[in-house]
Amino acid sequence: MIHVPFPPSKAALLLDFDGTLVDIAPTPDTVKVSEGLVPDLLRLKDMLGGALAIVTGRPIAQIDHFLPGVPHAVAGEHGVMVRAAPGADIQGRALPDVPEDWRRAAMDIEACFPGAHVEHKKAGMVLHYRKAPEAEPDFRALTASWPVERSGFHLQDALMAIELRPLGVDKGTALRELMVESPFRGRLPLFVGDDVTDRDGVRAAQQMGGAGWLIPDDFPDAKTFREWLHGLAEGRGWGV
């Protein structure tokens with residue numbers, strides 16, 4: 001089992017949500033928070049002096065819904081929106097708008113394939129085909145026709161999805177922004193995620209002297225990761 005190379009007094013924990021803290025669900029609103037997860041996160045937050053954050057592709061409001069009162073800070077939509085502390089103002093970036101004709105075309109494909117889903121975000125969107133794999137070629141043909149970089153965006157594959165995100169926004173940048181804020185400042189980041197979009201967070205944590213791990217590379221699945229997290233909450237697996 002993975003051992004954290006330093007004690008809680010030196011650590012900050014920054015975690016992805018979907019596929020990491022919760023199992024992947026058919027749709028974003030049907031995820032289940034397992035029994036025991038919230039108490040474990042609250043114990044860890046106390047051990048870490050508050051330095052617990054969620055870094056997610058979801059909007060901040062959804063994390064508040066699923067984990068009310070748990071994380072000290074949340075970076076939503078890969079860092080498009082960042083709330084550094086409970087009750088603090090949400091800081092957003094000046095970012096390009098997704099062209100309306102792109103949204104309409106994606107929704108036309110959604111309408112043609114039951115189970116396909118277009119997730120609209122403040123500064124981007126995600127084209128989900130987990131429940132309609134036959135929609136993938138149409139989504140890919142559509143996105144290939146968009147001048148994404150010229151419009152200030154880039155495309156990234158996710159788990160059974162294609163994500164349109166603003167250039168210069170990723171989980172590594174979000175992690176670095178949070179790490180200059182109290183109570184994260186001066187600590188070493190631990191980042192865990194499960195998707196291609198989480199690799200930026202892993203790299204940033206490692207570059208800052210901390211550590212980063214991915215599911216399934218380092219943990220076989222989210223359940224195993226939650227069991228490891230439970231051990232940390234009980235004081236097991238920390239360095240000195």
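Structure: above.
Quick look at the structure, then.

Cut-offs used in this document
Residues numbered from 1 in each chain as written. Predicted model: local features only at pLDDT ≥ 70, side-chain atom pairs only at ≥ 80, totals over all residues. Heavy atoms only, no water. Helix = DSSP H or I, 4+ residues; strand = E, 2+ residues; numbered from the N terminus. Rg over C-alpha atoms; globule rule 2.2 N^0.38 Å. Buried < 20%, exposed > 50% of the residue type's maximum accessible area, 1.4 Å probe, protein only. Contact = heavy atoms within 4.5 Å. Areas by Shrake-Rupley, 256 points an atom, 1.4 Å probe, with all protein chains shown as cover. Lys, Arg positive; Asp, Glu negative; His and termini not counted. Charge placed at Lys NZ, Arg CZ, Asp CG, Glu CD. Pairing = 2+ DSSP bridges. Axes fitted to C-alpha atoms, helices over the stretch in contact; angles between N-to-C directions. Parallel < 35°, antiparallel > 145°, perpendicular 65-115°, else oblique. Nonpolar A, V, L, I, M, F, W, Y, C, P; charged D, E, K, R; others polar.

Describing the overall build of the protein
- The helix and strand tally for the protein stands at 7 helices and 11 strands.
- Its C-alpha atoms give the protein a radius of gyration of 18 Å, near enough to 18 Å, the size a compact globule of 240 residues would have.
- Along the three orthogonal principal directions, the C-alpha set of the protein runs to about 55 × 35 × 30 Å.
- Burial analysis of the protein (240 residues in total) assigns 53% to the buried set.
- Across the protein, every contact between residues at least 6 apart in sequence was considered, and the portion connecting residues at least 24 apart equals 60%.
- Entry remark: accessible area of the protein is about 10600 Å², with carbon and sulfur atoms responsible for 53%.
- Across the protein, the centroid of the 25 positively charged side chains sits 5 Å from that of the 34 negatively charged ones.

Describing the sheet that holds strand 5 (residues 91-92)
- Spatially, 5-4-3-2-1-10-11 is the arrangement adopted by the 7 strands of the open sheet, whose pairing is mixed. Because the sheet does not close on itself, it has two edges, and the strands there are strand 5 and strand 11 (211-214).
- One ladder, built from 3 bridges, connects strand 2 (residues 52-55) with strand 3 (residues 73-76); its direction is parallel. Its bridge partner being in strand 3, V55 is matched across the sheet by A75.
- Against the sheet, helix 5 (residues 171-179) touches strand 1 (11-15), strand 2, strand 3, strand 4 (81-83) and strand 10 (188-193), its axis set at about 150 degrees to strand 10.

A look at the packing of helix 5 against helix 6 (residues 199-207)
- The interhelical angle for the contact between helix 5 and helix 6, taken along N-to-C directions, is 40 degrees, at an axis separation of 6 Å. With respect to helix 6, the element helix 5 is oriented oblique. In this structure, helix 5 contributes K171, G172, L175 and R176 to the contact, and helix 6 contributes D200, G201, A204, A205 and Q207.
- Here the contact of helix 5 with helix 6 is built from residues that sort into 3 nonpolar, 3 polar and 3 charged.

A short note on the environment of A88
- With respect to the element layout, A88 can be found in the loop between strand 4 and strand 5.
- A88 sits in the partly exposed class, given a relative accessible area of 31%.
- Here the alpha-carbon distance between A88 and A73, two residues 15 residues apart in the chain, equals 9.1 Å.

Section: unusual backbone geometry
- The peptide bond linking S182 to P183 adopts the cis configuration, its omega dihedral lying at 5 degrees.
- Along the polypeptide, P183 turns up in the loop between helix 5 and strand 10.
- Look at the link from I215 to P216: it is a cis peptide, with omega at 10 degrees.
- Here P216 shows up in the loop between strand 11 and helix 7 (222-233).
- Positioned with a positive phi, E77 is a non-glycine residue whose angle comes to about 50 degrees.
- Here E77 is to be found in the loop between strand 3 and strand 4.
- A relative accessible area of 7% means that E77 is categorised as buried.

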